[in-house]
Amino acid sequence: MRVIVTGGDGYLGWPQAMYLSKRGYEVCVVDNFSRRLWDLEGGTESLIPIASLHDRVAAWRETTGKSIQIAVGDLTDFPFISGVVRDFKPDAIVHYGEQRSAPFSMIDRRHSVLTQVNNIVGTLNIVYAIREHVPECHLVKLGTMGEYGTPNIDIEEGFIEITHNGRTDTLPFPKQPGSFYHLSKVHDSHNIQFACKIWGIRSTDLNQGVVYGIETDETMLDERLATRFDYDGIWGTVLNRFCIEAAIGHPLTVHGKGGQTRGYLNIRDTMRCIEIAIEKPAKPGEYRVFNQFTEQFSVAQLADLIQAAAKHKGRTVAIQHIADPRVEAEVHYYNARHTKLIDLGLKPRLLSDTLIDSVLDKVEHYKHRVKKDRIEALVNWRNTSNAIGYGTMSAKVEGEAEPEPKPKARISRAR
Ligand code: NAD
Ligand code: USQ
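Residues numbered from 1 in each chain as written. Chains lettered and ligands numbered in written order. Predicted model: local features only at pLDDT ≥ 70, side-chain atom pairs only at ≥ 80, totals over all residues. Heavy atoms only, no water.

Draft legend 1. Representation of the packing of helix α6 (residues 109–133) against helix α7 (residues 180–199) within the structure. α7 packs onto α6 with a crossing angle of 20° between their chain directions and a minimal axis gap of 9 Å. By the angle class used here, α6 and α7 are roughly parallel. The element α6 and its partner α7 pack so that their crossing is right-handed. Along the contact surface, α6 presents Ser112, Thr115, Gln116, Asn119, Ile120, Thr123, Leu124, Val127, Tyr128 and Arg131, while α7 presents Phe180, Tyr181, Leu183, Ser184, His187, Asp188, Asn191, Ile192, Ala195 and Trp199. (Axes fitted to C-alpha atoms, helices over the stretch in contact; angles between N-to-C directions. Helix = DSSP H or I, 4+ residues; strand = E, 2+ residues; numbered from the N terminus. Parallel < 35°, antiparallel > 145°, perpendicular 65-115°, else oblique. Left-handed = near helix turned anticlockwise from the far one by under 90°. Contact = heavy atoms within 4.5 Å.)

What follows is the structure, encoded as structure tokens:
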């Protein structure tokens with residue numbers, strides 16, 4: 001099978017490309033390196049040094065004898081992605097290539113717009129390229145559990161049966177996302193579902209939870225194959241952040257009471273879930289949704305787990321409750337169904353002391369690279385223009401100033 005992995009230079013896309021290549025898939029990665037640029041913009045950096053995409057692919061060939069093709073370009077550029085799809089003729093497209101940080105999308109207007117244009121236009125272009133060149137191709141799209149928010153009822157896998165005024169229908173599960181990033185995923189979902197309906201495209205929307213972990217079997221083959229590991233206040237996800245904080249003796253930064261509960265999964269399970277989705281594709285015209293996570297935790301539970309694991313290694317780490325920079329329910333009901341991938345063969349790799357230990361050991365090795373001034377949560381949801389430290393992301397940057405609003409049209413009043 002031929003598979004395009006968009007975002008193939010990213011945290012999940014690069015290990016996914018290797019995972020599939022190792023199992024005999026012909027893989028082409030697409031990326032425009034925007035993520036490396038956004039790191040430069042915000043003064044952030046992967047904890048683990050990462051090779052360039054070309055060096056990674058060369059190292060992969062050297063280590064395994066297998067090739068991965070590279071297409072460098074922007075998914076929002078239709079002639080580019082349309083040409084790649086036309087020439088490569090994929091059986092499946094695994095679409096990771098989006099701006100994926102909720103805090104980044106909440107910095108200011110420019111970053112909200114950038115996020116939504118990048119994600120929604122990129123996805124729509126892929127859908128059009130599939131329709132034009134490979135209508136049988138299966139689109140495996142990375143969505144997010146955050147599309148649902150935290151409703152006070154059980155979360156179903158994509159759809160819910162509703163009886164209203166005596167009539168019953170199965171409808172998309174209500175969406176209450178918590179950032180302009182999460183909203184971009186909701187808009188993607190609607191666009192994809194619509195395209196499946198009108199053109200018979202096949203798609204699996206994977207509502208993935210928060211991913212943690214640093215290594216897969218493939219990244220461990222050679223240090224040039226390592227994937228990125230984010231820990232800063234913009235890109236770092238909570239469990240990865242707590243591991244770094246523990247390693248450098250920084251208090252674990254729990255937002256508010258820490259009652260925010262989310263679904264989590266190990267990076268190795270992400271790899272396998274995608275493989276399962278590709279192996280057992282949606283039917284033509286089918287838009288299916290899987291909730292892709294393996295267990296749920298509150299932030300406070302995660303902090304306790306990491307604190308205990310650090311203590312086991314002789315390290316005392318404090319837990320600090322900081323005012324929540326986000327607007328989110330601090331304590332809430334959370335019970336999300338996640339059985340479809342398990343029914344298709346996923347054997348979850350649950351968070352264990354050994355797993356936390358292995359991440360802690362790995363980050364310990366690189367802790368000299370931590371930029372301590374990037375750990376703090378740099379973006380507050382309540383601000384419309386966050387100056388995040390170096391000033392480069394502030395709306396007040398020279399040349400980036402918000403234009404003055406035009407004067408209102410004059411309305412002549414009747415006397
Ligand atoms: P990442 O930022 O490490 O990787 C994303 C990659 O996409 C980057 O290499 C970036 O350069 C590329 N990209 C972005 N916009 C592009 C464009 N317009 N054209 C070409 N390339 C583009 O992110 P990640 O953690 O690997 O996440 C991958 C996907 O999985 C995202 O869609 C994200 O929303 C989703 N997801 C991630 C997590 C998580 O915890 N990491 C959880 C749920 C869902
Ligand atoms: N949190 C803390 N302390 C921290 C960092 C985060 O308490 O130091 C809290 C947040 O307030 C939030 C929760 O932890 O309640 C999760 O935050 P996160 O940054 O780990 O995850 P999130 O912003 O939701 O985004 C990440 C990925 C995104 C993906 C999403 C899956 O960046 O791409 O879509 O996880 S989900 O959360 O299921 O929507």
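Draft legend 2. Broad picture of the sheet that holds strand β4 (residues 92–95). If you trace the seven strands from one edge of the open sheet to the other, you get β3-β2-β1-β4-β5-β8-β12, paired in parallel fashion. Two strands in the sheet have a free side with no partner beyond their single neighbour: β3 (68–72) and β12 (287–292). Neighbour to neighbour, the strand axes of the sheet diverge by 20° on average, direction disregarded. Note that strand β2 (residues 26–31) and β3 share five bridges and pair parallel. Each bridged residue has a counterpart across the sheet, and for Val27 the counterpart in β3 is Ile68. Against the sheet, helix α4 (residues 78–88) contacts β1 (2–6), β2, β3 and β4, and its axis sits at roughly 175° relative to β2. (Pairing = 2+ DSSP bridges.)

Draft legend 3. Representation of the pattern of salt bridges. By the definition in use, this model includes 32 salt bridges. Here Arg369 ties to Glu45 by a salt bridge, and the two come within 3.6 Å at their closest N and O atoms. Taken together, the residues span a long stretch of sequence, with Arg369 in the segment after α12 (353–366) and Glu45 in the loop between α2 (34–42) and α3 (53–64) at a distance of 324 residues. Looking at Arg369, the relative accessible area reads 26%, which means it is partly exposed. With a relative accessible area of 36%, Glu45 lands in the partly exposed category. Here Lys175 and Glu147 are joined by a salt bridge, their closest N and O atoms 3.2 Å apart. In this pair, Lys175 is assigned in the loop between β7 (167–172) and α7 and Glu147 in the loop between β5 (138–144) and β6 (159–164), connecting sequence segments 28 residues apart. Its relative accessible area of 25% is what places Lys175 among the partly exposed residues. Residue Glu147 is classed as buried on the basis of its relative accessible area of 0%. A network of salt bridges, in which partner residues are shared, links Arg35, Asp39, Arg100, Arg228 and Asp230. (Salt bridge = Lys/Arg side-chain N within 4 Å of Asp/Glu carboxyl O. Buried < 20%, exposed > 50% of the residue type's maximum accessible area, 1.4 Å probe, protein only.)

Draft legend 4. Representation of the confidence of the model for the chain within the structure. Of all residues in the chain, 93% attain a pLDDT of 70 or more, and the chain-wide mean is 94. Here residues 394–399 is modelled with pLDDT under 50, and outside its nearest four sequence neighbours on either side it reaches eleven contacts, counting other chains as well. (pLDDT = per-residue confidence, 0-100.)

Draft legend 5. Summary view of the site of ligand 2. Taken together, 23 residues lie around ligand 2, and Thr144, Tyr181, Thr253, His255 and Glu328 are the ones closest in. Thr144 has a polar side-chain atom sitting 2.6 Å from an oxygen atom of ligand 2. Backbone polar atom of Thr253 to a nitrogen atom of ligand 2: 2.6 Å apart, as the coordinates give it. For ligand 2, whose free accessible area comes to 740 Å², the fraction covered by protein is 95%. Secondary-structure elements contributing two or more residues to the shell around ligand 2 are α7, α8 (238–248) and β10 (252–255). In the shell around ligand 2, the residues fall into eight nonpolar, ten polar and five charged. (Near = heavy atom within 4 Å. Polar contact = N/O pair within 3.5 Å; in protein donor to acceptor, adjacent residues only side chain to side chain. Areas by Shrake-Rupley, 256 points an atom, 1.4 Å probe, with all protein chains shown as cover. Nonpolar A, V, L, I, M, F, W, Y, C, P; charged D, E, K, R; others polar.)

Draft legend 6. Structural view of the packing of aromatic side chains. Per the counting criterion, the structure on display carries seven aromatic pairs. Look at Trp38 and Phe104: their rings are 5.3 Å apart centre to centre, the planes differ by 45°, and that puts the pair in the tilted class. You can see Trp38 sitting in helix α2 and its partner Phe104 sitting in helix α5 (residues 102–105), a full 66 residues away along the chain. Using a relative accessible area of 0% as the deciding quantity, one classes Phe104 as buried. Put simply, the rings of Trp38, Phe104 and Trp235 touch in pairs and so form one group of aromatic residues. Residue placement shows Arg2 over the ring face of Phe88; its charged tip is 4.2 Å from the ring centre. The cationic tip of Arg35 hangs over the ring face of Trp235; the distance from NZ or CZ to the ring centre is 3.7 Å. (Phe/Tyr/Trp six-rings, centres within 6.5 Å; stacked < 30°, edge-to-face > 60°. Lys NZ or Arg CZ within 6 Å of the ring centre and 35° of its normal.)

Draft legend 7. Seen up close, empty space enclosed by the protein. Taken as a whole and assessed by the stated rule, the structure comprises three cavities of 30 Å³ or more. The space that makes up the largest cavity amounts to roughly 60 Å³. Lining the largest cavity are 13 residues, with Gly158, Pro172, Lys175, Tyr287 and Val289 sitting closest to its centre. Counting residues per element, the ones that place at least two in the lining of the largest cavity are α7, β8 (202–208) and β12. Ranked by residues supplied to the lining of the largest cavity, first place goes to α7 with three residues. Residue composition of the lining of the largest cavity, grouped by class: five nonpolar, five polar and three charged. Of the pockets and cavities examined, the second largest cavity occupies roughly 40 Å³. Lining of the second largest cavity is provided by Tyr212, Gly213, Leu239, Asn240, Cys243, Ile306, Leu351, Leu355, Ile356 and Val359. Looking at the lining of the second largest cavity, the elements that each hand over two or more residues are α8 and α12. Of the residues in the lining of the second largest cavity, the class split is eight nonpolar, two polar and no charged. (1 Å grid on protein atoms, 1.4 Å probe; cavity = no way out; pocket = protein on both sides within 12 Å on 5 of 7 lines; lining within 4 Å. Points joined across faces, edges and corners; volume = space filled by probe spheres on them.)

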